[in-house]
Amino acid sequence: MKGFRQYRRLLAIDISSNTVSLVYREVTAQGFRILNYAAFKNVSSENIVQEVNDFCRKNSVRNKEVLLSISQTDSVSIKYLILPELPADELIGAAKWQLKEEVPFDIEHAYLEWQIVKEFTDEEGAKRQGMVFIAIKKETVDQYVSVLAQCHLRPLGITSSSLNYVHLITDAPAVFAVLEVQENDATLDIYLNRRLSFVRILPFSWQKIIQSLTEILVSDQGKIELSCDDAENIVTVCGVPDHDAQVISGNIRGSQVTAMLRPILEALTRELNFSFQYFASSLGEQKPACLYLAGEVTRFKNLDHYLSREFNFAVAPLKIPESVDIQGSQKTITPHERERSAILSAVGSFLPNGQGINLLPQELKNQNRNRSREALLRVAVLIVSSIFLFWWGSVEFQMRDYAQRLKNAQQHLMTIGFLQELKEKVGHKEDLMKRIQETEIPVDSLLKVISSAIPAAVILDELNFNRDGFHIVLRGKIFAAEADAQTVLTNFMEQLENTPLIAEAGLVSITGVGPSQVFEIKCDLNHR
């Protein structure tokens, strides 16, 4: 199941046998920030609806998608099976045939997901797969999906605490375990290469720990009988005594508490040791190299030290990772150990980065997928519409711009034509009428010669007289093809050479410009 980081803010709900936890988080550059959280004991459907609605209202939760964790041992069963490589449809059938004897509820009325833990070749050379199968009651899923619907919420994914805890551990050995002890049950989860590989329900609970201290104590001052509250206070404040002479409370000494706790602690140690050995022999792997504590048992003082001495490895409470900022929540005080333990599974549910197990029914997955597609389609339509409108507006603007440019160009052409005509009629006459200093050539005669000889197709733009070199340069254009233009200009130059004023006329250049030919003629003048 993906980490759902695309949802900036998201609500995670974890429902265990006796506690419901709510965690509202948002995505940050460093990871996640917990905006608020809550935990309550009453797990009836009516109370869940009321508490969730109140939480959403107080925290202005607008997103209707949530992450749901169902961590009830009587509704979720996780088993490790070794199966040959099979197609998916045959794999389910083979798994159900083995699971129906091991799962404590009807496997035919359960949702089933799996995850490959390891692949290997057996002694006969056949390829085998070690797989973890997670079965969850359809009745339970349908119940809590209905509860969410009453809160106007939809589950994006369904998971369980055994699948969530691994995401809270950032630096762990290849094989490690998590012991979760709740009010009425206990679960041991073992992970191989960060994949859940083994789950066992232990005959252990928080109530059994408390009850072990409610037996009658015999002291120097007589018999002492502890209440459940007194016993819980001793477990959380003193826990496993440091030494026998330690004064626990009043006349109660460490040796007395040790004597009452010894049976339950020895039973726990025995169950853990058996589970570790069974895991190692079944999977052919090493025993766990460390153990994390979760649930109510994190409040059992010195239990981590006791188990560390018994198994000779590190034992520590499971904690919220540093990538999750809980100090920025709306709570005015830092959550104590019980609150932190209650929200661990919910926090772990939104931490995955890659693909994992999602127990959400296929029809709900399809609905979510369709909603996502519809949302993407709406966004795509909006984007395409915006692009089309922008394009259409750009086209309209360009059409108007080009129309205005065309109008301006036509006006410019008219102005240029008028100026050219004026230049031809007036400008050249003024230039040519200037007297050439220090020369005896009559300008009037030269202009008459040129005017009489110039063809009708030729427009003279410029006449330059070089008094030092005693020659003139004629520049202009002729509206004709290049070949025809050269013929006309050749005749023009011959007529000029036939006059007494011009000794020789030569074509310097001719260049095509649009429909016309631009030319330059140099004429050497006769001296008088």
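Student: Any details on helix 6 (residues 228-237)? Residues and values, ideally.
Tutor: Buried within helix 6 are the following residues: Ala231, Glu232, Ile234 and Val235. One face of helix 6 carries all of its buried residues, which in axial projection span an arc of 160°. Gly239 lies just past helix 6 and shows a positive phi near 65°.

Student: Go over the pairing of strand 9 (residues 175-181) with me, naming the residues and quoting the values.
Tutor: In terms of burial, strand 9 is a largely internal element, seven of the seven residues being buried. Residues Val175, Ala177, Leu179 and Val181 point to one face of strand 9 and Phe176, Val178 and Glu180 to the other, with burial holding for every one of them. Here strand 9 pairs with strand 10 (residues 186-192) via seven bridges, running antiparallel. Paired with Phe176 across the strands is Tyr191, a residue of strand 10. One ladder, built from five bridges, connects strand 9 with strand 16 (residues 290-295); its direction is parallel. Across the sheet, the residue bridging to Leu179 is Leu293, located in strand 16.

Student: Run through a nonpolar patch on the surface, naming residues and quoting values.
Tutor: A contiguous nonpolar patch, built from Phe388, Leu389, Trp391 and Trp392 and spanning about 490 Å² of accessible area, is present on the exposed surface. As for its position among the elements, Trp392 is in helix 11 (residues 362-432).

Student: Any details on the packing of aromatic side chains? Residues and values, ideally.
Tutor: Evaluation of the coordinates by the stated rule reveals 12 aromatic pairs. Taken together, a centroid distance of 6.3 Å and an interplanar angle of 25° make the contact between Phe274 and Tyr278 stacked. On the criterion of helical spacing, the pair formed by Phe274 and Tyr278 is a turn pair, its members being four residues apart in helix 7 (residues 254-283). Residue class for Phe274 comes out partly exposed when judged on its relative accessible area of 46%. These aromatic residues form a ring-pair network of at least three members: Phe198, Phe274, Tyr278 and Phe279. Sitting above the plane of the Phe350 ring, Arg25 keeps its charged end 5.6 Å from the centroid. Taking the ring centre of Phe120 as reference, the NZ or CZ of Lys118 above it sits at 5.5 Å.

The rules we used
Residues numbered from 1 in each chain as written. Predicted model: local features only at pLDDT ≥ 70, side-chain atom pairs only at ≥ 80, totals over all residues. Heavy atoms only, no water. Buried < 20%, exposed > 50% of the residue type's maximum accessible area, 1.4 Å probe, protein only. Helix = DSSP H or I, 4+ residues; strand = E, 2+ residues; numbered from the N terminus. Arc of directions from axis to C-beta. Pairing = 2+ DSSP bridges. Patch = residues over 30% accessible without salt bridge, like charges linked within 9 Å, V, L, I, M, F, W, Y side chains within 5 Å. Areas by Shrake-Rupley, 256 points an atom, 1.4 Å probe, with all protein chains shown as cover. Salt bridge = Lys/Arg side-chain N within 4 Å of Asp/Glu carboxyl O. Phe/Tyr/Trp six-rings, centres within 6.5 Å; stacked < 30°, edge-to-face > 60°. Lys NZ or Arg CZ within 6 Å of the ring centre and 35° of its normal.

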